[in-house]
Amino acid sequence: MPPTTGELVAGPCKGAMPPTTGELVAGPCKGAMPPTTGELVAGPCKGAMPPTTGELVAEPCKGAMPPTTGELVAEPCKGAMPPTTGELVAEPCKGAMPPTTGELAAGPCEGAMPPTTRELAAGPGKGAMAAALLVALLAGGCSSSPGQQGGSAATDVPDEATSPAPPAPATPALEVEVLADGLDHPWDVARAPDGTLVLDERGGGLTAVLPDGTVRELEADFGDLFAEGETGLMGLVLDPDFADNRRLYTCQGAEDGAADGGPAIEVVSWTVDAQWREATRVDDPLLGEIPVNESSGRHGGCRLRFDPTGALLVGTGDNAVGSHPQDLGTLAGKVLRIDADTGGPAEGNPFLEADDPLTRLVLSYGHRNVQGIAVQPGTGSVYTAEQGTRRDDEVNVSVPGGNYGYDPEGDDGGYDESVPMTDLELPGAVPAVWSSGEPTIATSGITFLDGPAWGGYEGLLLAGVQKDTGVLALRLGEAGELVEAFRLPELEDRYGRIRTPQAGADGVLYVLTDNGGGEDQLLRVTPAS
């Protein structure tokens with residue numbers, strides 16, 4: 001086939017298509033198609049297609065295809081291929097090639113090409129070829145096809161719609177190693193820049209696991225710790241500048257933390273010496289007077305994490321008091337966002353203009369017992385997890401100023417746990433990303449897996465499971481929607497209750513069990529090599 005633009009056909013070309021723009025065929029070409037734009041065929045071309053735009057064929061061409069836009073052929077053309085847009089062939093035409101964009105021909109077509117723009121040919125066209133429209137032609141093994149040189153056969157190009165998708169990353173097998181044992185209700189763990197792991201235990205105490213495997217209890221003063229039921233020494237997090245300031249933060253019950261001298265929950269900042277032997281209180285407290293259930297310690301929270309701006313997030317529980325979740329005048333049943341240097345409200349908080357100084361600390365409200373906080377890599381979105389009632393546990397994405405819909409205040413002022421975890425009838429209630437339904441599983445700490453070593457697990461949100469035992473995995477979509485929920489098989493029903501899964505900056509998953517009685521462990525979980 002001759003060039004498609006700006007060339008003159010030197011002589012007749014059996015079975016070829018002439019130039020598509022602005023050229024006149026020097027002589028009739030048996031079986032050829034004439035110019036596609038603005039040209040008049042000098043003489044009839046047996047088996048050819050007439051002009052495609054605004055032209056009339058001087059005399060009908062037996063076996064030709066009619067015009068492609070707004071034209072009718074004076075006589076029917078026996079055995080021709082249909083127009084390239086919006087037409088159907090009246091009778092099958094033997095020997096045509098199937099469409100080049102997104103369509104299937106009704107039957108195999110040898111030597112000729114049917115419509116080029118998403119048309120279905122009723123049958124192939126005998127001895128005819130269609131013009132190429134808007135897209136590159138698929139080569140069909142014909143030496144006169146456009147774009148071929150030297151008479152070599154063209155290479156088929158697969159349609160994008162039918163190209164195979166790249167394989168999904170493989171799901172990794174996991175290896176689990178015990179780094180420390182003999183622990184009693186460990187609550188949180190963090191990895192320092194030097195590779196040391198520091199963890200706390202609910203009954204009091206900080207422990208360092210050094211890079212060489214040495215397990216060392218740090219000297220630290222917990223003489224005023226209020227440890228009752230679910231409350232005690234709970235959340236722990238390292239300062240983002242720990243390498244320079246060696247500061248860490250804990251959330252803990254305090255015997256005399258309330259204004260009336262009774263117990264409360266406090267956030268305390270500490271510094272740790274370079275040898276990991278001693279922790280010393282610095283801000284005592286950084287934030288105080290978070291309410292606690294003095295009689296039972298129930299629903300004490302309390303998870304700590306930093307958000308991408310450097311503000312310190314504090315997840316609190318509602319103390320099993322019905323009015324607390326919806327009351328912006330208390331710090332219970334909230335996610336708080338504070339300045340880690342001053343303990344005051346962080347810049348950008350949603351209620352900074354509130355008259356009540358406590359309300360200014362609030363990021364979100366309507367929570368039951370926030371025990372998990374995690375920042376999603378790549379997006380910076382903050383997710384929280386709550387242990388729910390018998391009808392639902394939840395994972396939520398944090399919205400500044402959001403009401404997460406828990407309102408257990410009964411008509412008698414009591415604590416009604418039969419209400420939904422998220423009551424969507426409350427104005428502005430934020431629906432959960434994931435909820436357990438019945439039976440609940442008692443979700444606790446959460447984290448995200450990050451890094452290509454995790455293969456098909458990369459990006460998963462993991463949640464510790466305490467009523468049932470193991471680790472819940474949630475796969476989220478680009479918009480934060482739930483795509484899939486499943487359990488990690490290597491951790492299912494093998495290590496008991498899981499309090500905290502936490503990904504380290506080294507790409508390793510660290511896991512704390514929560515079985516009590518000195519039977520707990522710190523686990524190191526990695527993809528199998």
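Residues numbered from 1 in each chain as written. Predicted model: local features only at pLDDT ≥ 70, side-chain atom pairs only at ≥ 80, totals over all residues. Heavy atoms only, no water.

**So, the pairing of strand 7 (residues 247-254)**
To keep things clear, this is the line we draw: We call a residue buried when its accessible area falls under 20% of the maximum for its residue type, exposed when it is over 50%, and partly exposed in between, using a 1.4 Å probe and counting protein chains only. Only DSSP runs of H or I reaching four residues or more are called helices, and only runs of E reaching two or more are called strands; each is numbered from the N terminus. Think of it this way: DSSP has to see at least two bridges between two strands before they count as a pair.
The element strand 7 is largely enclosed, with a buried count of eight among its eight residues. Summarising the sheet, strand 7 and strand 8 (residues 264-272) pair through eight bridges and their orientation is antiparallel. Each bridged residue has a counterpart across the sheet, and for Leu-248 the counterpart in strand 8 is Trp-270.

**Points about the sheet that holds strand 16 (residues 394-397)**
Strand order in the open sheet formed by four strands is 14-15-16-17, with antiparallel pairing between adjacent strands. The outermost strands of the open sheet, each flanked by one partner alone, are strand 14 (370-375) and strand 17 (434-435). Two strands pair when backbone bridges link them, and strand 16 and strand 17 are joined in this way by two bridges, in the antiparallel orientation. Along strand 17, the bridge assignment pairs Val-395 with Trp-434.

**Concerning the layout of surface pockets**
Short version of the rule: Using a 1 Å grid laid over the protein atoms alone, points where a 1.4 Å probe fits but cannot get out form a cavity; open sets with protein on both sides within 12 Å along at least 5 of 7 lines form a pocket; any residue with an atom within 4 Å of a point counts as lining. Grid points are joined across faces, edges and corners, and a volume is the space filled by probe spheres set on the points. The residue classification treats Ala, Val, Leu, Ile, Met, Phe, Trp, Tyr, Cys and Pro as nonpolar and Asp, Glu, Lys and Arg as charged. All others, Gly included, are polar.
Roughly 840 Å³ of volume is contained in the largest pocket. Split into classes, the residues belonging to the lining of the largest pocket amount to 23 nonpolar, six polar and five charged.

**Observations concerning the nonpolar core**
What counts, and what does not: The criterion is simple. A nonpolar core is a set of buried Ala, Val, Leu, Ile, Met, Phe, Trp, Tyr and Cys residues joined through side-chain atoms within 4.5 Å. Should any heavy atoms of two residues lie within 4.5 Å, those residues are considered in contact.
In terms of nonpolar packing, the biggest core is built from 25 residues, with Tyr-249, Val-267, Leu-287, Ile-290, Leu-304, Leu-312 and Val-314 touching the most fellow members. If you list the elements that add at least two residues to this core, you get strand 6 (233-238), strand 7, strand 8, strand 9 (279-290), strand 10 (303-306), strand 11 (312-315) and strand 12 (335-338). With three residues, strand 9 is the single largest residue contributor to this core. What Val-267 contacts, discounting residues up to four positions off in sequence, is Thr-250, Cys-251, Asp-283, Pro-285, Leu-286, Leu-287, Ile-290, Leu-304, Leu-312 and Val-314. By size, the runner-up hydrophobic cluster in this structure holds 19 residues, among which are Val-198, Leu-210, Leu-236 and Ala-279.

**What about the environment of Gly-348?**
Residue placement: Gly-348 occurs in the loop between strand 12 and strand 13 (362-364). Between the alpha carbons of Gly-348 and Leu-363 there is a distance of 9.5 Å; along the sequence they are 15 residues apart.

**Observations concerning the packing of aromatic side chains**
In plain terms, the rule: Any Phe, Tyr or Trp ring, taking Trp's six-membered ring, that has another such ring centre within 6.5 Å forms a pair; planes under 30 degrees apart are called stacked, those over 60 apart edge-to-face, and the others tilted.
With the rule as written, the count across this model stands at seven aromatic pairs. For the ring pair Tyr-249 and Phe-306, a centre distance of 5.6 Å and an interplane angle of 65° mean the geometry is edge-to-face. One end of the pair, Tyr-249, is in strand 7; the other, Phe-306, is in strand 10, with 57 residues separating them in the sequence. Side by side, Tyr-249 and Phe-306 carry an identical accessibility label, which is buried. Arranged with centres 6.4 Å apart and planes meeting at 65°, the rings of Phe-351 and Tyr-365 form a pair that is edge-to-face.

Any functional reading would require information that these geometric values do not contain.
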